[in-house]
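So the chains spell out like this:
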Amino acid sequence: MLHHRALGRDLDQLLVSVIDNRRPMLAMMRAMLAAIGAGRIETHENPEEALSAMRRSAPDVVIAAASMQPFGGADLVRSIRHKDAGPLCFVPAMIMSAHAKAGLVAEALRAGAHQVLVLPTSASTLYRRLDWLVNDDRQFELTDGHYVVAGLEERLALSVPRPADQPMPAKAPLAVGDTETLAGAEAYAVRLRAAQN
């Protein structure tokens, strides 16, 4: 089995681990994940402690901040993707960052992440990303002793910067599903954050 462990699972069945040194970000991500119906949510402020906890009990999805101490999200993902990491090898991962520049995206994908989540985000965007993730059937391939998502270099080749004189093509809107449910989830997340302050 070289597919990720969350493939085809419902959101309410997932154990999601969120790792970030910033406590307010952990609270916000927990609130949004709860609002969109994630199963169990674990948060960790320290990536070393998170790695230790995940080795004992592998989550179904990892969402890690790009910039953390003592090491960042890409390093964390590279650690779980090591060929000897047991069930962690196949846990799908997202890196989140407010500064998702091309270099950071390439580093995250080469470390083994499935995608980069640009901050700030909304509950509806997080829902779409998780929905896409659990339906992503790309397999892993072993490269230099750790697993990466198949087709990595081809995907990175598609993100060559567009010349300034060429306009961006129009993008089709993303189909999300029940917009009333998502709007309600975002409203709930806002109320929850206000109550925590």
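Residues numbered from 1 in each chain as written. Predicted model: local features only at pLDDT ≥ 70, side-chain atom pairs only at ≥ 80, totals over all residues. Heavy atoms only, no water.

With that settled, consider the environment of Ile63. Summarising the element assignment, Ile63 is placed in strand E3 (residues 61-65). Take Ile63: its relative accessible area is 0%, and that puts it in the buried class. Discounting residues that sit within four places of it in the chain, Ile63 has contacts with Val16, Ser17, Val18, Ile19, Met29, Met94, Met96 and Leu126. (Helix = DSSP H or I, 4+ residues; strand = E, 2+ residues; numbered from the N terminus. Buried < 20%, exposed > 50% of the residue type's maximum accessible area, 1.4 Å probe, protein only. Contact = heavy atoms within 4.5 Å.)

For the rest of this paragraph, the subject is empty space enclosed by the protein. Empty pockets left among the atoms are what a rolling probe the size of a water molecule brings to light. Per the counting criterion, the structure on display carries one cavity of 30 Å³ or more. Here the largest cavity is characterised by a volume of approximately 40 Å³. Along its surface, the largest cavity is lined by Leu109, Ala113, His114, Arg138, Val149, Leu152 and Arg155. (1 Å grid on protein atoms, 1.4 Å probe; cavity = no way out; pocket = protein on both sides within 12 Å on 5 of 7 lines; lining within 4 Å. Points joined across faces, edges and corners; volume = space filled by probe spheres on them.)

What follows deals with helix H2 (residues 47-56). Residues three or four positions apart in an α-helix share a direction because the helix packs 3.6 residues into each turn. Within the span of H2, buried status applies to Pro47, Ala50, Leu51, Ala53 and Met54. Mapping the buried residues of H2 onto a view down its axis gives an arc of 165°, with all of them on the same face. Residues of H2 that are exposed and point over 90 degrees away from its buried face: Glu49, Arg55 and Arg56. Tucked inside the fold, the buried residues of H2 contact strand E1 (15-19), strand E2 (40-44), E3 and helix H3 (73-80). For H2, the N-terminal capping position is held by Asn46, with its side-chain oxygen 2.7 Å away from the main-chain nitrogen of Glu48. (Arc of directions from axis to C-beta. Polar contact = N/O pair within 3.5 Å; in protein donor to acceptor, adjacent residues only side chain to side chain.)

With that settled, the discussion passes to the packing of aromatic side chains. This structure, assessed with the given rule, holds three aromatic pairs. Between Phe90 and Phe140 the ring centres are 5.6 Å apart and the planes differ by 50°, which places this aromatic pair in the tilted class. On the criterion of sequence distance, the pair formed by Phe90 in the loop between H3 and strand E4 (93-97) and Phe140 in strand E6 (residues 140-143) is long-range, its members being 50 residues apart. On the basis of relative accessibility, which here comes to 13%, the residue Phe90 falls in the buried class. Ring geometry for Phe140 against Tyr147: centres 6.5 Å apart, planes inclined by 75°, an arrangement best described as edge-to-face. Side by side, Phe140 and Tyr147 carry an identical accessibility label, which is buried. (Phe/Tyr/Trp six-rings, centres within 6.5 Å; stacked < 30°, edge-to-face > 60°.)

Axis separation between H2 and H3 bottoms out at 11 Å; the angle between their running directions is 20°. In terms of axis orientation, H2 runs roughly parallel to H3. Relative to H3, the crossing made by H2 is right-handed. Residues Pro47, Leu51 and Met54 of H2 form the contact with H3, whose own contacting residues are Leu76, Ser79 and Ile80. For the contact of H2 with H3, the residue count by class is five nonpolar, one polar and no charged. (Axes fitted to C-alpha atoms, helices over the stretch in contact; angles between N-to-C directions. Parallel < 35°, antiparallel > 145°, perpendicular 65-115°, else oblique. Left-handed = near helix turned anticlockwise from the far one by under 90°. Nonpolar A, V, L, I, M, F, W, Y, C, P; charged D, E, K, R; others polar.)

The five strands lie next to each other as E2-E1-E3-E4-E5, forming an open sheet whose pairing is parallel. Either end of the sheet is taken by a strand with one partner, and the two such strands are E2 and strand E5 (115-118). Neighbour-to-neighbour, the strand axes of this sheet turn through a mean angle of 20°, independent of strand direction. As paired strands, E3 and E4 are joined by four bridges and run parallel to one another. Within E4, the residue paired with Ala65 across the bridge is Met96. The sheet contacts of helix H4 (residues 102-111) involve E4 and E5, and relative to E5 the element is tilted by about 140°. (Pairing = 2+ DSSP bridges.)

Here the focus is the side chain of Arg81. Within the secondary structure, Arg81 is located in the loop between H3 and E4. Within the buried core, Arg81 has no salt-bridge partner, and the shortest N-O distance to an opposite charge, that of Asp136, equals 9.3 Å. Separated by 2.6 Å, the side chain of Arg81 and the backbone oxygen of Val91 make a polar contact. (Lys, Arg positive; Asp, Glu negative; His and termini not counted. Salt bridge = Lys/Arg side-chain N within 4 Å of Asp/Glu carboxyl O.)

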